[in-house]
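# Residue-level structural notes
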Amino acid sequence: MTEETASENGGLGERERALLAVERRSWPGPGAKERAVRERLGLSPTRYYQLLNALLDDPRALAHDPVTVNRLRRVREEKQRRREG
């Protein structure tokens, strides 16, 4: 399925699915996830987290992987509360 076809069908594109797949995994130690992001996705960690944060607000992501998206939304909300409090 191409990126365009996925969008036309209301689904996620390959990159969006790959971002969520990275978040589903558990990582053995510090730096392993960032290394995987660079090697597998060709993204800097900063860009990865920017894309991921935007993806969390996409209803297609929630439909694709509700467990991961809801977990990440809770983590994001908790961080925001700590910054504000």
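Residues numbered from 1 in each chain as written. Predicted model: local features only at pLDDT ≥ 70, side-chain atom pairs only at ≥ 80, totals over all residues. Heavy atoms only, no water.

Taken as a whole and assessed by the stated rule, the structure comprises one aromatic pair. With centroids separated by 5.0 Å and ring planes inclined at 75 degrees, the aromatic side chains of Tyr48 and Tyr49 adopt a geometry described as edge-to-face. Overall, Tyr48 belongs to the buried group, its relative accessible area being 0%. One cation-aromatic arrangement involves Arg25 over Trp27; the distance from NZ or CZ to the ring centre is 4.1 Å. (Phe/Tyr/Trp six-rings, centres within 6.5 Å; stacked < 30°, edge-to-face > 60°. Buried < 20%, exposed > 50% of the residue type's maximum accessible area, 1.4 Å probe, protein only. Lys NZ or Arg CZ within 6 Å of the ring centre and 35° of its normal.)

This part is about the confidence of the model for the protein chain. Do not read the predicted coordinates in detail wherever pLDDT is low. For the protein chain, the average pLDDT comes to 90, and 88% of its residues sit at 70 or higher. Note that residues 1–5 has pLDDT below 50 and, in this model, six contacts with residues that lie over four places away or in other chains. (pLDDT = per-residue confidence, 0-100. Contact = heavy atoms within 4.5 Å.)

As a further point, take helix H4 (residues 45–55). When we look at burial in H4, the residues that qualify are Pro45, Tyr48, Leu51, Leu52 and Leu55. Down the axis of H4, the sector holding all buried residues measures 125 degrees, keeping them to one side. Among the exposed residues of H4, those oriented more than 90 degrees off its buried face are Thr46 and Ala54. Looking at the buried side of H4, the elements it contacts are helix H2 (14–24), helix H3 (32–41), helix H5 (59–64) and helix H6 (66–84). (Helix = DSSP H or I, 4+ residues; strand = E, 2+ residues; numbered from the N terminus. Arc of directions from axis to C-beta.)

Another aspect to go through is the environment of Arg60. Turning to its location among the elements, Arg60 is positioned in helix H5. Taking the C-alpha atoms as reference, Arg60 lies 6.0 Å from Gly11; in sequence the two are 49 residues apart. Among the polar contacts made by the side chain of Arg60, one reaches the side chain of Asp58 at a distance of 2.6 Å. (Polar contact = N/O pair within 3.5 Å; in protein donor to acceptor, adjacent residues only side chain to side chain.)

Attention shifts here to the pattern of salt bridges. Inspection of the entire model under this criterion finds six salt bridges. Linking Arg60 and Asp58 is a salt bridge whose minimum nitrogen-to-oxygen distance equals 2.6 Å. With relative accessibility at 27%, the residue Arg60 sits in the partly exposed group. Exposure remark for Asp58: the relative accessible area of 16% places this residue in the buried category. Measuring nitrogen to oxygen at the nearest pair gives 3.1 Å for the salt bridge that ties Glu78 to Arg81. In this pair, Glu78 and Arg81 are both assigned in helix H6, three residues apart and thus about one turn of the helix distant. Classification of Glu78 as partly exposed rests on a relative accessible area of 32%. Here the residues in one salt-bridge network are Glu78, Arg81 and Arg82, joined through shared partners. (Salt bridge = Lys/Arg side-chain N within 4 Å of Asp/Glu carboxyl O.)

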